[in-house]
Amino acid sequence: MEKQEKIDILKHIIQIKSVNDNETEVADYIASLFEKYPNAKVEKVNYAPNRDNLAVTIGNPKGQRLGFSGHMDVVDPGDLSKWTHDPFGGEVADGKIFGRGASDMKTGLTAQVIAMLEFLEDGVELPGEIRLLATVGEETGEYGAATLTDEGYADNLAGLVISEPSGLDQITYTARGVIDYRIESTGKAAHSARPQNGINAIDNLMVYYNEIQKVMAPFDKVNPILGGVLHNVDLIEGGEQINSIPAKAWLMANMRTIPEYPNQVFYDAIEKLVAELNESPGFDLKLSYSFPEEAIPGQPDAPLVKLAQKVSKETFGKEAQPVGSGGANDGAEFLRAKGDFTSIVYGPGSETSHMPDEYVELADFLKSIDFYKKLALEFLA
Amino acid sequence: MDQQEKIKLLQRIVQMETVNDHESLVADYLATLFQPYPNVEMTRVRYKSGRDNLVVTIGTDHHRQLGFAGHMDVVATGDPQKWDHAPFSGDITDDFKMVGRGASDMKAGLAAMVIAALELLDQGEPQHGQIKLICTIAEESTMVGSEQLTKEGYLDDLDALVICEGSGLDISYTHNGDIDYRVTSHGKAAHSASPEMGVNAIENLMTFWHTAKAELAKFDETDAVLGNLLHNVTVIKGGEQINSIPAEADLEANIRLIPQTPAKVVKQRLEAVIATLNQQPGFELDLEYLLVGDALPGDQNGDFVQFVKRETEAEVGHEVTLSGDKGTTDGSKFIDSKGDFPMVIVGPGSNTAHQVNEYVDLNQYLKAIELYKNISLKFLEGDN
């Protein structure tokens, strides 16, 4: 494929507004690129209206199957006045392409798509299969990856390469899990001069806050790469006015877990505390979770990591180093699938993810296509 | 003044929308009522444009000075749909009640003290002593009106004060004070995967609350009438998004003071907590007072309390209760004046203050006028 054609495909994908929605338009466009190759198996997997995941499988089903994956959604462009380029223009300047998703992560996704298209175009006889898993809703909860996993699309992979922008000198092989949860405290309103007639919902929430610190303290194992378990209350709100005993209050906490503990131990600990406190008079605490993800253990010396290091050196002239990530990625969902495989994150991008004037260097984009091709050929060989 | 005029006057004041502002509407109107009389000194004490306090001094003899106080502001109406009458209509019901925001709290008391003074003037009173009407702004919010008048010395020469709040013509002689404060905790934002790069503002705010709560719990005296000091956090808010270490959080809390715990002392304790915590690494807490008013001490056997009780019972024809009140009044500020005078709270009103369909019983309103006249004449004449 010609260089300009590759850039045009990327530009087209950046121009699609898939802000936490509308991923189907991206899926349809990618599907259309594979139309002329009858050997490519293209499947749309619906999550919600206008929100289709896409699975594209090419190659020899008798060999091993390598997964490629990227998400099609992007975050909101935010304050448009802070952009000097149209966030959905895909404008090219100074060897960079600008736009929401240029770094996170339409470039990585496009590079993997083009790698597959070039195999097809060049009639390369792959010794195994490559399956692209393009997902919806990664930015708001990895639910596209969850759907694909639930429906078996990630089963029996031999390895998975997620093209999130890791930086081309870093391979993410391990990642923290995440538990976001909310505690809602219900009390009873009263005039603040007569607190005995009410129940202070904020007071009860603060008791939870104090107790959960004690509950979390014994989980003190430390992962050498990721560090210890993190528990932070990041949001809190309660009360109506200064002279009323508050009837409602809530907090949201963010936990960053490590492979040493399955998330279940934290669910159990939190639920036990909530149940215990609710036994005390006046307490009415409700717990809910939003899209928790397990930690990804990973091995820095896994064959896929080693191979990616070698290919990175060959492609970019510098060997990428295995690292851990403080945040979760779609790999946390895919690893629930049948079969035991290594999931890594490696892809082009810049430090501008989620920021105005998000961009990627076109040179990085083009070279990463070569990277994915080489990696696939050697992995499947 | 005939009954119809007295009711009309109240209605007119109720119809003025003085929701935490625009009290000058009332002050201007009241001033016109006293305009025709000699021996009346009127002082407009401006807080800001549209918000004038009014002080009316009647009589020239300096034997004794009796004050009557009332505030001209009202609280918000809440949802007007929930009212059976428009909240600023001053509608009169079949059972002789006037409905409206402020009818009970406390435009009826305010109108009654004004009419009592006007009627005394018409009778050539007071011949002995002076009556001072103190009409304030902002009692329901910050009490800056009573604070300003106190600081500027308008209460210094009083010998006694009747606060005409709607008590249903029962009597309060003591009440709680109030400190409303806000603490803002400044931290440093960071991605929640790297909390060590940030400072969690919510965490520091929680530490403040636990420390402050324990520290203020040491004020453990009990007032026989008002009970203990109360300290409650009532509003809290912090954080920006779930995956960011919060850079800012604040809480608002309410302290109910008793006479044994002066605002000044409690404030010092609170400030000490803040200062101590701010010396710890990462802490940056700001303290701001939203409202400060002392508790009103009182003695139910005091001469003035007993005198007002006798007069009230004579007027209403039954025994009235003497009690302490949880709510504050302008008295919380007036006690800072140089004078040392007793205060009593008695006025027409119902238990519908701050609620929908607030009302005052007009018979009670009319009785209050008579009561204030009698209290004035007897107090200024005698030495009780």
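Residues numbered from 1 in each chain as written. Chains lettered and ligands numbered in written order. Predicted model: local features only at pLDDT ≥ 70, side-chain atom pairs only at ≥ 80, totals over all residues.

Undergrad: Would you explain the overall build of chain B in this entry?
TA: Secondary structure summary: chain B contains 9 helices and 18 strands in total. For chain B, whose C-alpha radius of gyration is 23 Å, the value lies close to the compact-globule estimate of 21 Å for 384 residues. For chain B, the spread of C-alpha atoms along the three principal axes comes to 80 × 45 × 40 Å. Going through the 384 residues of chain B one by one, you find that 52% of them count as buried. (Helix = DSSP H or I, 4+ residues; strand = E, 2+ residues; numbered from the N terminus. Rg over C-alpha atoms; globule rule 2.2 N^0.38 Å. Buried ≥ 20, exposed ≤ 12 C-beta atoms within 10 Å, placed from the backbone.)

Undergrad: What am I meant to see in the pairing of strand β8 (residues 177-186) of chain B here?
TA: Two faces belong to every sheet, and in a regular strand the side chains alternate between them. Residue and element names in this part refer to chain B. With respect to burial, β8 is a largely interior element, 7 of its 10 residues being buried. Relative to strand β14 (residues 248-257), β8 runs antiparallel, the two being bridged by 10 bridges. Paired with D178 across the bridge in β14 is R256. (Pairing = 2+ DSSP bridges.)

Undergrad: How should the packing of helix α1 (residues 3-15) of chain A against helix α9 (residues 362-380) of chain A be read in this particular structure?
TA: Between two packed helices, both the angle of their axes relative to each other and the distance between the axes serve to describe the pair. Residue and element names in this part refer to chain A. In contact at an axis separation of 11 Å, α1 and α9 are set at 105° when each is read in the N-to-C sense. Comparing the axis directions of α1 and α9 gives the class roughly perpendicular. Between α1, through K3, K6, I7 and L10, and α9, the contact on the second element is made entirely by L362, F365, L366 and I369. Class assignment of the residues belonging to the contact of α1 with α9 gives a composition of 6 nonpolar, no polar and 2 charged. (Axes fitted to C-alpha atoms, helices over the stretch in contact; angles between N-to-C directions. Parallel < 35°, antiparallel > 145°, perpendicular 65-115°, else oblique. Contact = placed C-beta atoms within 7 Å. Nonpolar A, V, L, I, M, F, W, Y, C, P; charged D, E, K, R; others polar.)

Undergrad: Sorry, what's going on with the interface of chain B and chain A here?
TA: When the parts of a complex come together, some accessible area is lost, and that lost area is often taken as the interface size. Across the boundary between the two partners, chain B contributes 31 residues, which contact 32 residues of chain A. Only α5 (201-216), β12 (230-238), β13 (244-245) and β14 of chain B provide two or more residues apiece to the side of chain B that touches chain A. Where strand β13 (residues 230-238) of chain A and β12(B) come together, 3 bridges link them in antiparallel fashion. Bridging from a neighbouring strand, A:I236 pairs with B:G238 of β12(B).

Undergrad: Please clarify how the environment of B:D178 should be interpreted in this entry.
TA: All names here are of chain B. Mapped onto the elements, D178 comes out in strand β8. For D178, a count of 26 C-beta atoms within 10 Å puts it in the buried group. Here the alpha-carbon distance between D178 and A263, two residues 85 residues apart in the chain, equals 7.8 Å. Setting aside its immediate chain neighbours within four residues, D178 contacts N254, I255, R256, L257, L291, G293, T328 and S332.

Undergrad: What am I meant to see in the domain arrangement of chain A here?
TA: Residues and elements named next belong to chain A. Per the domain assignment, the segments of chain A are domain 1 (3-174 + 297-380) and domain 2 (177-293). Placing a centre on the C-alpha atoms of domain 1 and another on those of domain 2 gives a separation of 36 Å. Facing the 9 residues of domain 1 at the interface are 9 residues of domain 2. By residue class, the composition of the side of domain 1 that touches domain 2 is 4 nonpolar, 4 polar and 1 charged. (Domains from an automatic or database assignment.)

Undergrad: Please clarify how helix α3 (residues 106-121) of chain A should be interpreted in this entry.
TA: Residues and elements named next belong to chain A. Counted at 1.5 Å a residue, the expected span for α3 with its 16 residues is 22 Å, and the 22 Å between its end C-alpha atoms agrees. When you tally the buried positions in α3, you get 13 out of 16 residues, the bulk of the element. G123, located one to two residues past α3, shows a positive phi value of around 65°. (Expected span 1.5 Å × (residues − 1).)

Undergrad: Just checking my understanding: could you explain the domain arrangement of chain B for this structure?
TA: Residue and element names in this part refer to chain B. Here chain B is described as being made up of domain 1 (3-175 + 295-381) and domain 2 (184-287). Relative to domain 2, the C-alpha centre of domain 1 lies at a distance of 37 Å. With 4 residues of domain 1 in contact, the opposing surface of domain 2 contributes 5 residues. Looking at the side of domain 1 that touches domain 2 residue by residue, the class counts come to 2 nonpolar, 2 polar and no charged.

Undergrad: Please clarify how the UniProt feature "domain: Peptidase M20 dimerisation" (unreviewed entry) in chain B should be interpreted in this entry.
TA: The UniProt record annotates "domain: Peptidase M20 dimerisation" (unreviewed entry) at residues 174-277 of chain B. Each end of residues 174-277 of chain B is marked by a C-alpha atom, and these two atoms are 35 Å apart; helix forms 30% of the span and strand 38%. (UniProt positions renumbered as here; feature names shortened; annotations may be inferred.)

Undergrad: Is there a simple way to explain α1(A) in this structure?
TA: Since there are 3.6 residues in each turn of an α-helix, residues three or four apart along the chain are aligned in direction. Residues and elements named next belong to chain A. Taking 1.5 Å of rise per residue, 13 residues should cover 18 Å, and α1 covers 18 Å from first to last C-alpha, within 8% of that figure. Among the residues of α1, those classed as buried are K6, L10, I13 and I14. Down the axis of α1, the buried side of the element spans an arc of 105°, and every buried residue falls inside it. Those residues of α1 that are exposed and aimed more than 90 degrees away from the buried face are Q4, E5 and D8. In the core, the buried residues of α1 are packed alongside α2 (23-33), β5 (96-98), α3 and α9. (Arc of directions from axis to C-beta.)

Undergrad: It is not clear to me how the packing of helix α3 (residues 103-122) of chain B against helix α9 (residues 362-381) of chain B should be interpreted in this structure. Could you clarify?
TA: Residues and elements named next belong to chain B. Direction vectors running N to C along α3 and α9 enclose 50°, while the axes themselves pass 8 Å from each other. With respect to their mutual orientation, α3 and α9 come out oblique. As α3 packs across α9, the resulting crossing turns out to be right-handed. From α3, A108, G109, A112, M113, I115, A116, E119 and L120 reach across to α9, where they touch Y365, A368, I369, Y372, K373 and S376. In terms of residue class, the contact of α3 with α9 is made up of 10 nonpolar, 2 polar and 2 charged. (Left-handed = near helix turned anticlockwise from the far one by under 90°.)

Undergrad: Quick question: what am I supposed to make of the pairing of strand β9 (residues 177-186) of chain A here?
TA: Residues and elements named next belong to chain A. Counting buried positions over the 10 residues of β9 gives 7, a clear majority of the element. In this sheet, strand β15 (residues 248-257) lies alongside β9 in antiparallel orientation, the contact comprising 10 bridges. Note on β15: the bridge partner recorded for I179 is M255. Two strands pair when backbone bridges link them, and β9 and strand β16 (residues 285-293) are joined in this way by 7 bridges, in the antiparallel orientation. Note that in β16 the partner of I183 across the bridge is L287.

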